[in-house]
Amino acid sequence: MADENKPVQPSAPATGANPAATPQHRQVPGGDAPATAAAAAATGATPAAAKPAAPRPPAAPMPDLAGKTTNIASPGGAAAATKPAPAPAAAKTATRDPDDTSPLLTRRAWMGLAWGAFSAASAAALAATGRFMFPNVLNEPPQQFKIGFPTEYGMGVDERWKEKFGVWVVRVAEVSGFYALSVTCTHLGCTPNYLSAENKFKCPCHGSGFRLTGVNFEGPAPRPLERVRIVLAEDGQILVDKSRHFQRELGQWIDPEAFLKA
Ligand code: FES
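About the thresholds
- Once a new chain begins, its residue numbering starts again from 1 and follows that chain's sequence as written.
- Side-chain atom pairs in this predicted model are given and counted only at pLDDT of 80 or more, local residue features only at pLDDT of at least 70, and totals for whole chains, interfaces and linings cover all residues.
- As a rule here, side-chain values come from all non-hydrogen atoms in the structure, and water together with hydrogens is ignored.
- Only Phe, Tyr and Trp rings are paired, with Trp represented by its six-membered ring, and only when their centres lie within 6.5 Å; those with planes under 30 degrees apart are stacked, over 60 edge-to-face, the remainder tilted.
- Put simply, a charge is over a ring when the Lys NZ or the Arg CZ is close to the ring centre, within 6 Å, and near the line of the ring normal, within 35 degrees.
- In DSSP terms, a helix is any run of H or I states spanning at least four residues, a strand is any run of E spanning at least two, and both are numbered starting from the N terminus.
- Contacts described as polar in this section are N or O atom pairs within 3.5 Å, which, within protein, must combine one atom able to donate a hydrogen with one able to accept it, while residues neighboring in sequence count only if both atoms come from side chains.
- Note on definitions: a residue-residue contact is assigned when non-hydrogen atoms from the two residues lie within 4.5 Å.
- Residues belong to one nonpolar core when they are buried, are Ala, Val, Leu, Ile, Met, Phe, Trp, Tyr or Cys, and are joined through side-chain atoms within 4.5 Å.
- For the exposure calls, accessible area comes from a 1.4 Å probe over protein chains only, and a residue counts as buried if that area is under 20% of its type's maximum, exposed if over 50%, partly exposed in between.
- Strands pair, by our definition, only if DSSP identifies at least two bridges between them.
- Note on definitions: angles span 0 to 180 degrees between N-to-C directions of axes, and those axes are lines fitted to C-alpha atoms, for helices only across the stretch in contact.
- Looking at any residue, its pLDDT shows the predictor's confidence there, from 0 to 100.

(A) Structural view of the packing of aromatic side chains. Taken as a whole and assessed by the stated rule, the structure comprises seven aromatic pairs. In this structure an aromatic cluster arises from ring pairing among Phe145, Trp161 and Phe165. A cation sits over an aromatic face here: Arg211 above Phe217, 4.3 Å from the ring centre. Over the face of the ring belonging to Trp253 we find Arg227, whose NZ or CZ atom lies 3.9 Å from the ring centre.

In structure tokens, the structure reads:
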């Protein structure tokens, strides 16, 4: 007969619903959990009391600010905390893709490149400034020049000064004198050639023809060649001055300086 004054032990449900016992029962092959729960219920003891609670899984290592890891649940946590952290270089190497062959530039290398580019740009700007200070000098032939004494010239066209000064010196017997013709074609500016066999100037560009006087007579040239100033210098030499031109169509060939009597 049961003692009514004896405290009644709470009985575990027959389904063995103690969560602490459940994992352990899963690990047992054969699945005898219900029997164990029933036995516990029959003996009046809880399953937890009959079997120790399953051990808790170890806590995950917690990194601290120094890069060390501490295993809180592990009894050797203190020893793990004193373990030295891995070297930074090793950590960097570990994160790099082994197939990545691109170079790694350090901050010092980047600074070197930046300073090199800055220096090159400064040198280029300095060179441009220096070039600006010394512009190109165009050496043009002088506008006035002496071409020797009148006795040095025969009759006809003298081409000695065509290339150097851009003039023909023509001596004519009829009026006993000289004039200087510009070698610039009055069509589009080409340089005609003197054809002694035909006694004329012929432009190679579009075929304009000029007589020895400079008057145009064929081709597209719209007007005669121009004459330039020709006088005798103080020393008796012929002085040619290209800074002054005379145009026939303007009636300038009658100017005293457009013809030298000698
Ligand atoms: Fe001399 Fe045209 S430039 S004919």
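(B) Looking closely at the side chain of Glu226. Here Glu226 lies in the loop between strand 10 (216-218) and strand 11 (227-232). Here His245 takes part through its side chain, which lies 2.7 Å from a polar atom of the side chain of Glu226. Not counting residues within four places of it along the chain, the set of residues in contact with Glu226 comprises Ala180, Leu181, Ser182, His245, Phe246 and Gln247.

(C) Spatial organisation of the nonpolar core. With 16 residues, the main nonpolar core has Val157, Trp168, Val170, Tyr179, Leu181 and Phe201 as its most contacted residues. Here this core gets three residues from one element, more than from any other, and that element is strand 5 (residues 167-172). With 14 residues, the next largest nonpolar core counts Trp161, Phe165, Ala180 and Leu260 among its residues.

(D) Inspection of the sheet that holds strand 9 (residues 209-211) at higher detail. Read from one edge to the other, the open sheet built from four strands follows the order 7-8-9-10, with strand pairing classed as antiparallel. Edge positions in the open sheet fall to strand 7 (193-195) and strand 10, since each of these has one partner strand only. Taking each pair of neighbouring strands and ignoring which way they run, the sheet shows an average axis angle of 35 degrees. Pairing geometry for strand 9 and strand 10, over two bridges, is antiparallel. The residue bridging Phe210 from the neighbouring strand is Asn216, located in strand 10.

(E) Looking closely at the confidence of the model for the protein chain. Counting all residues, the mean pLDDT for the protein chain is 76, and 60% of those residues have values of 70 or more. Within the model, pLDDT remains below 50 along residues 1-50, and this stretch shows 19 contacts once partners closer than five positions in the same chain are excluded.

(F) How the structure looks around the pairing of strand 12 (residues 238-246). Note: strand 3 (residues 144-146) against strand 12, three bridges, orientation antiparallel. Across the sheet, the residue bridging to Phe145 is Val240, located in strand 12. Relative to strand 12, strand 11 is paired through six bridges, and the arrangement is antiparallel. Following the sheet pairing, Arg229 is matched in strand 12 by Asp241. Hairpin connection, strand 11 to strand 12: the antiparallel pair is bridged by five residues, and Gly236 has positive phi, about 95 degrees.

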